[in-house]
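# Residue-level structure breakdown
Residues per chain are reported as follows:
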Amino acid sequence: MNTDLDLRKLRYFVAVAEELNFGRAAEVLMMAQPVLSRQIRAFEAELGVRLFVRDTRGTELTEHGRLLYQEAEALLASASAVRRRVAIAARGESEFTVGFMPGLMVTTAVRAFQRTLPEVSIHVMRTSWDNQVRVLHDGRADVSYLRRPFDAAGLTTELLFSEPRVVMLPTDHELAAASSVLMGDLAGEHLLQDPAAVPEWATVAAEMRPRRGSARPPSRTVEEKLELVAVGSGIAILPQSTARFYRRPDVAFVPVSDLPPTDVLLGWESSRRSRLIDAFVAAARDAKHDLGQN
């Protein structure tokens, strides 16, 4: 009997296939592990094939599971594109949403846009390293302020400005009063963020060397990072504007002199054609010098 492919169960399948662990996949999906296991069994029953083998050694994909995993990304991307087009069409030209990364002040550009198009309702959405691009692809934002690194596939971007990067240290750290530091000075520290956000970290950090055991999971929000910095659990490397915005008495920031500046860009989907995007890009160009003024 033919059956439609359940995209919700397909997402559950992909989470398990990526983690190869039902417990970790359940955490990623923010659901109970028994519920996830039942959903996967139901999905297997609907497809009439076994997708995973679970034994004392762990969880592995079957041949059918590997085939589905290869196809799943394209299937989910296609479904996301349909939802995005429907969401944009429903929103029309009466609403406009701007994504922005922590530490950036987008008020000047937003106000200029509102003066130009007072009939449009404008919304702002705080983003993170994890979703700053995703909000464009899934239709939640029309434009988004982006910090490198990010995947620019399918996007048009415009460079707005560059700024120094600084290291966040507890105020009692031996380097907290330094005028600047080098990356090598930080080699023995623990980085409290995804190393992909600081590509230069891999070349100097002791914790990135082989056979040192599993790394602790990175903290997600700036606030969480700074709490951990303050108690001496590690360091964070942030754009200077972000450090200034989240200034606190128990955390110091010091310029890292051998790190190149980080860029702030405005991005939007290349396939989009919109007078509202054009208007906001013009406003953002005029307001770019106010972005990092905290």
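These notes cover the structure that comes with them. (Residues numbered from 1 in each chain as written. Predicted model: local features only at pLDDT ≥ 70, side-chain atom pairs only at ≥ 80, totals over all residues. Heavy atoms only, no water.)

### Re the environment of M30
Where we set the bar: The helix count covers DSSP runs of H or I at least four residues long, the strand count covers runs of E at least two residues long, and both are numbered beginning at the N terminus.
Within the secondary structure, M30 is located in the loop between α2 (22-29) and α3 (33-47). Along the backbone, M30 and M105 are 75 residues apart, and their C-alpha atoms lie at a distance of 32 Å.

### Overview of the packing of aromatic side chains
The condition that has to hold: Geometry of aromatic contacts follows a simple scheme: Phe, Tyr and Trp rings, the Trp one being its six-membered ring, pair when their centres are within 6.5 Å, and the pair is stacked under 30 degrees between planes, edge-to-face over 60, tilted otherwise. The rule is simple: take the accessible area with a 1.4 Å probe, protein chains only, and divide by the maximum for that residue type; under 20% is buried, over 50% is exposed, in between is partly exposed.
Here the structure, examined in full by the defined rule, presents 8 aromatic pairs. On the numbers, 6.5 Å between centres and 55° between planes, the contact of F13 with F43 is tilted. Placement of the pair is F13 in helix α1 (residues 7-19) and F43 in helix α3, with a sequence separation of 30 residues. Across the pair, exposure class does not vary: F13 and F43 are buried alike. Aromatic side chains F96 and F280 sit 5.7 Å apart centroid to centroid with 35° between the ring planes, which places their arrangement in the tilted category. Separated by 184 residues along the polypeptide, F96 in strand β3 (residues 95-100) and F280 in helix α10 (residues 275-287) bring together distant segments of the chain. Residues F96 and F280 agree in their burial class; the two are buried. Clustering of aromatic rings is evident, with ring pairs tying together F13, F22, F43 and F52.

### A short note on α10
In plain terms, the rule: Expected span of a helix, by definition, is 1.5 Å for each gap between consecutive residues, and there is one gap fewer than residues. Here the arc refers to the directions that run from the helix axis out to each C-beta atom.
For α10, which comprises 13 residues, the first-to-last C-alpha distance of 18 Å matches the rise-based estimate of 18 Å (1.5 Å per residue) to within 8%. All of the buried residues along α10 are L276, I277, F280, V281, A283, A284 and A287. Angular distribution of buried residues about the axis of α10 spans 165°; they occupy a single face of the element. Away from its buried face, by an angle of more than 90 degrees, α10 presents the exposed residues D278 and D286.

### Details of a nonpolar patch on the surface
What counts here: Patch definition: residues with relative accessible area over 30% and no salt bridge; like charges joined within 9 Å; nonpolar side chains (Val, Leu, Ile, Met, Phe, Trp, Tyr) joined within 5 Å. Surface accessibility in these figures is a Shrake-Rupley result with a 1.4 Å probe; residues are shielded only by whichever protein chains are displayed. For salt bridges, the criterion is a side-chain nitrogen of Lys or Arg within 4 Å of an Asp or Glu carboxyl oxygen.
Taken together, the side chains of L5, L47 and L75 define a hydrophobic patch exposed on the protein surface, amounting to about 210 Å² of accessible area. Tracing the backbone through its elements, the reader meets L47 in helix α3.

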